[in-house]
Amino acid sequence: MTSPLDPLSHALDGPSDPPLRALPPEVAALLRELGAPPRLAAHLRAVHDVAVELVEWVRGRCPDLVFGRDAVLFGAATHDVGKVLHPGELVGGGSAHEAAGRELLLRHGVAVARARFAATHASWGDPAATVEDLLVSTADKVWKDKRVTDLEDRLVRALAEATGREPWEEFLAVDDVLTRLGADAGRRPAFQAAFSTEAAAPR
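Attention here is on the structure that accompanies the text. All figures in this text were calculated on a predicted structure; none of them were measured in a lab.

**Quick notes on the overall build of the protein chain**
Check the secondary structure of the protein chain and you find 12 helices and 0 strands. In sequence order, the secondary structure elements of the protein chain are arranged as α-α-α-α-α-α-α-α-α-α-α-α. Here the protein chain has a C-alpha radius of gyration of 16 Å; the compact-globule value for 203 residues is 17 Å, and the two agree. Projected onto its principal axes, the C-alpha coordinates of the protein chain cover approximately 50 × 35 × 30 Å. Classification of the 203 residues of the protein chain by burial places 51% in the buried group. Counted over contacts in the protein chain with a minimum sequence separation of 6, partners at least 24 positions apart contribute 67%. Surface accessibility of the protein chain: about 9200 Å² in total, with carbon and sulfur atoms responsible for 54%.

As structure tokens, then:
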């Protein structure tokens with residue numbers, strides 16, 4: 001049982017409401033090493049949990065769509081890691097954490113292809129955005145039931161191209177799964193907000 005005196009561990013893998021999967025061990029170890037604010041860890045955990053559900057849904061609906069499942073999950077689990085260096089953006093918004101997060105991951109030995117999500121999770125309109133980028137961006141929105149039309153339209157087009165089905169069919173399917181994933185949106189932000197924005201002690 002996690003000690004109540006260790007809020008970072010609680011945020012990473014302790015009891016949660018709603019029940020959330022623990023962050024991957026390699027990500028948890030990195031966040032501990034960095035002394036990440038517990039609120040950041042809680043946010044990354046919530047987005048990662050949604051990403052797992054979204055990825056499994058896509059694999060079931062579009063088995064012929066080639067994409068990196070592990071890359072998406074790592075990207076969701078680390079997309080805001082740059083807020084370790086820009087903690088004001090945990091509550092005040094801003095984009096300085098994006099490039100900073102990518103550079104931080106690269107300095108810790110993360111491959112470019114996986115580190116990129118820290119910089120691209122808000123850039124779904126880029127023509128170079130991949131299906132992996134779109135899935136990370138979508139998870140980062142729907143965890144709190146935020147719906148972004150142009151992002152969802154791009155995901156719908158990608159799925160329609162992969163399946164050969166009509167875009168309207170994929171639109172209905174995407175709308176249905178995002179509505180379902182957004183159902184716990186009230187409890188996820190409450191879980192995140194229960195944690196401090198103060199940095200933990202690095203390990």
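What follows picks up the thread again.
**Focus: a nonpolar patch on the surface**
Together, Trp168, Phe171 and Leu172 line one region of the surface with nonpolar side chains, adding up to about 350 Å² of accessible area. Position of phenylalanine 171 relative to the elements: it lies in helix H11 (residues 167-181).

**Observations regarding the nonpolar core**
Residues Leu31, Phe67, Leu135 and Leu159 are the most contacted members of the largest nonpolar core, which totals 64 residues. Counting residues per element, this core draws most heavily on helix H3 (residues 38-61), at 13 residues. Once residues lying within four places of it in the same chain are set aside, the contact partners of phenylalanine 67 are Val55, Val58, Arg59, Val72, Val131, Glu132 and Leu135.

**Considerations on the packing of aromatic side chains**
Within the structure shown, the criterion is met by 1 aromatic pair. Between phenylalanine 191 and phenylalanine 195, the ring centres sit 5.1 Å apart and the planes meet at 75°, which makes this aromatic pair edge-to-face. In this structure phenylalanine 191 comes out as buried when scored by relative accessible area, which is 7%. The ring of phenylalanine 74 carries the charged tip of arginine 114 above its face, separated from the ring centre by 4.0 Å.

**Digging into the side chain of lysine 83**
Residue placement: lysine 83 occurs in the loop between helix H4 (69-78) and helix H5 (89-92). On the basis of relative accessible area, lysine 83 is assigned to the buried category, the value being 12%. Here lysine 83 is in contact with Leu40, Glu89, Leu90 and His97, once residues within four sequence places are set aside.

**A short note on the packing of H3 against H11**
One way to put it is that H3 packs onto H11 with a least axis distance of 11 Å and a crossing angle of 150°. Regarding the angle of H3 to H11, the classification is roughly antiparallel. As for the relative orientation of H3 and H11, their crossing is right-handed in sense. Facing H3, whose interface residues are Val50, Glu53, Leu54, Trp57 and Arg61, H11 presents Glu169, Glu170, Ala173, Val174, Val177, Leu178, Arg180 and Leu181. Residue composition of the contact of H3 with H11, by class: 8 nonpolar, no polar and 5 charged.

**Focus on the packing of H4 against helix H9 (residues 131-142)**
Remark: H4 packs on H9, axes separated minimally by 9 Å, with the N-to-C direction vectors making an angle of 40°. With respect to H9, the element H4 is oriented oblique. For the element pair H4 and H9, the recorded crossing hand is right-handed. Between H4, through Val72, Gly75 and Ala76, and H9, the contact on the second element is made entirely by Glu132, Leu135 and Val136. Looking at side-chain class alone, the contact of H4 with H9 contains 4 nonpolar, 1 polar and 1 charged residues.

Each value, and the rule that gives it
Residues numbered from 1 in each chain as written. Predicted model: local features only at pLDDT ≥ 70, side-chain atom pairs only at ≥ 80, totals over all residues. Heavy atoms only, no water. Helix = DSSP H or I, 4+ residues; strand = E, 2+ residues; numbered from the N terminus. Rg over C-alpha atoms; globule rule 2.2 N^0.38 Å. Buried < 20%, exposed > 50% of the residue type's maximum accessible area, 1.4 Å probe, protein only. Contact = heavy atoms within 4.5 Å. Areas by Shrake-Rupley, 256 points an atom, 1.4 Å probe, with all protein chains shown as cover. Patch = residues over 30% accessible without salt bridge, like charges linked within 9 Å, V, L, I, M, F, W, Y side chains within 5 Å. Salt bridge = Lys/Arg side-chain N within 4 Å of Asp/Glu carboxyl O. Core = buried A, V, L, I, M, F, W, Y, C linked by side-chain atoms within 4.5 Å. Phe/Tyr/Trp six-rings, centres within 6.5 Å; stacked < 30°, edge-to-face > 60°. Lys NZ or Arg CZ within 6 Å of the ring centre and 35° of its normal. Axes fitted to C-alpha atoms, helices over the stretch in contact; angles between N-to-C directions. Parallel < 35°, antiparallel > 145°, perpendicular 65-115°, else oblique. Left-handed = near helix turned anticlockwise from the far one by under 90°. Nonpolar A, V, L, I, M, F, W, Y, C, P; charged D, E, K, R; others polar.

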